[in-house]
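Letter by letter, the chains look like this.
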Amino acid sequence: MAGTLTVGQLATGHDVTPIIWMNASLLAATAGATALLPNATTRSRAHPAPPPGLAGARGLLKRRGFRVIVIVSALVYGSHAMHDAFAVIWWSHAGIDTSLISVLWSEAVAAEVLVFVIGPALIRRFGVRAAATLAAAAGIIRWTVAATTTSVLLLSLVQPLHGLTFALLHLACMRMMADNVPANSAATAQALYAFGSGCVTAALTLLSGALYARYGGVSFLPMAMLCATALPFAWFGFPARSPKSELPAFRH
């Protein structure tokens, strides 16, 4: 957030070199910081579980609950493709200053961080079905507004929905995964979860280029339609309540 806000004040529509220098500086600092990391130690296990492999992957995909996770996450995460690739270009073309764009982008990051903090409590209170359905509904609203206006005020109101369309859905998927995936298949499940949304996002990013070239900002509407498609899967595929009391230690 700090980097986005800072570079938003320094970059202009004709000079983006501050972005390059900031990225280079931060990456150099990161490389230097690796010297502070402790050496990794390997703990031996008497009877390590064999990796599930392709057989384990096929077994996971036979589970209805896991298939729902992959479908909903791929549709909702994939709907961010247009935003991630062309939102800044579209907003700049509409005359929004780079400093304001950095604020809009930081809003989304701030909302994501906040939901990751309070999200587990929300899921314990309302369940994974409500969380996943809310995430899909938030996507419909967010991308519909993005397709129909470049008003900074309206955009500032929907950008925080990123906390729902990404963070809350991720937490709901992790809870759902804990309920539907055997412990020795957790790593494979994580790989399939990321692979599914990654492939869909890559394909939609390619499609977004063609859509944006022809329709401009209206191209956000197909992204809203993806979330609308995910909505019934979230409502009918996620259980109303989860039997687990805590979120698993999975990471995105």
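Placed above this text is the structure.
Quantities reported herein were computed from a predicted structural model and do not represent experimental measurements.

### With respect to the state of the cysteines
Counted according to the given criterion, the structure contains zero disulfides. Looking at cysteine 199, it has no disulfide partner, and the nearest cysteine sulfur is the one in cysteine 173, 16 Å off.

### A closer look at a nonpolar patch on the surface
On the surface, Val113, Leu114, Val117, Ile118, Leu122 and Phe126 cluster together to form a nonpolar patch covering roughly 540 Å² of accessible area. Looking at where valine 117 falls in the secondary structure, it is placed in helix 6 (residues 98-148).

### A few points about the environment of leucine 134
Along the chain, leucine 134 falls in helix 6. Since its relative accessible area comes to 41%, leucine 134 is described here as partly exposed. Contact partners of leucine 134, with chain neighbours within four places excluded, come to Leu164 and Leu168.

### What about the nonpolar core?
Grouped together as the largest cluster of nonpolar side chains are 59 residues, with contacts concentrated most on Phe66, Val72, Leu169, Met177 and Phe238. Elements with a minimum of two residues in this core: helix 3 (53-61), helix 4 (64-78), helix 5 (81-93), helix 6, helix 7 (152-158), helix 8 (162-180), helix 9 (186-215) and helix 10 (220-237). Counting residues per element, this core draws most heavily on helix 6, at 14 residues. What valine 72 contacts, discounting residues up to four positions off in sequence, is Leu169, Ala230, Phe233, Ala234 and Phe238.

### Focus: helix 5
In this model, helix 5 (13 residues) spans 18 Å end to end at C-alpha, consistent with the 18 Å of a helix rising 1.5 Å per residue. The largest bend in helix 5 amounts to roughly 50° and is located at alanine 87. Those residues of helix 5 that fall on the buried side of the exposure criterion are Ala81, Met82, His83, Phe86, Ala87 and Trp91. Looking at the packing, one finds that the buried side of helix 5 touches helix 4, helix 6, helix 7, helix 9 and helix 10. Backbone geometry just after helix 5 places glycine 95 at a positive phi near 95°.

Analysis parameters
- Residues numbered from 1 in each chain as written.
- Predicted model: local features only at pLDDT ≥ 70, side-chain atom pairs only at ≥ 80, totals over all residues.
- Heavy atoms only, no water.
- Disulfide = S-S within 2.5 Å.
- Patch = residues over 30% accessible without salt bridge, like charges linked within 9 Å, V, L, I, M, F, W, Y side chains within 5 Å.
- Areas by Shrake-Rupley, 256 points an atom, 1.4 Å probe, with all protein chains shown as cover.
- Salt bridge = Lys/Arg side-chain N within 4 Å of Asp/Glu carboxyl O.
- Helix = DSSP H or I, 4+ residues; strand = E, 2+ residues; numbered from the N terminus.
- Buried < 20%, exposed > 50% of the residue type's maximum accessible area, 1.4 Å probe, protein only.
- Contact = heavy atoms within 4.5 Å.
- Core = buried A, V, L, I, M, F, W, Y, C linked by side-chain atoms within 4.5 Å.
- Expected span 1.5 Å × (residues − 1).
- Bend = angle between axes of the 7 residues up to and from the residue.

By themselves, these observations are geometric and do not establish any function.
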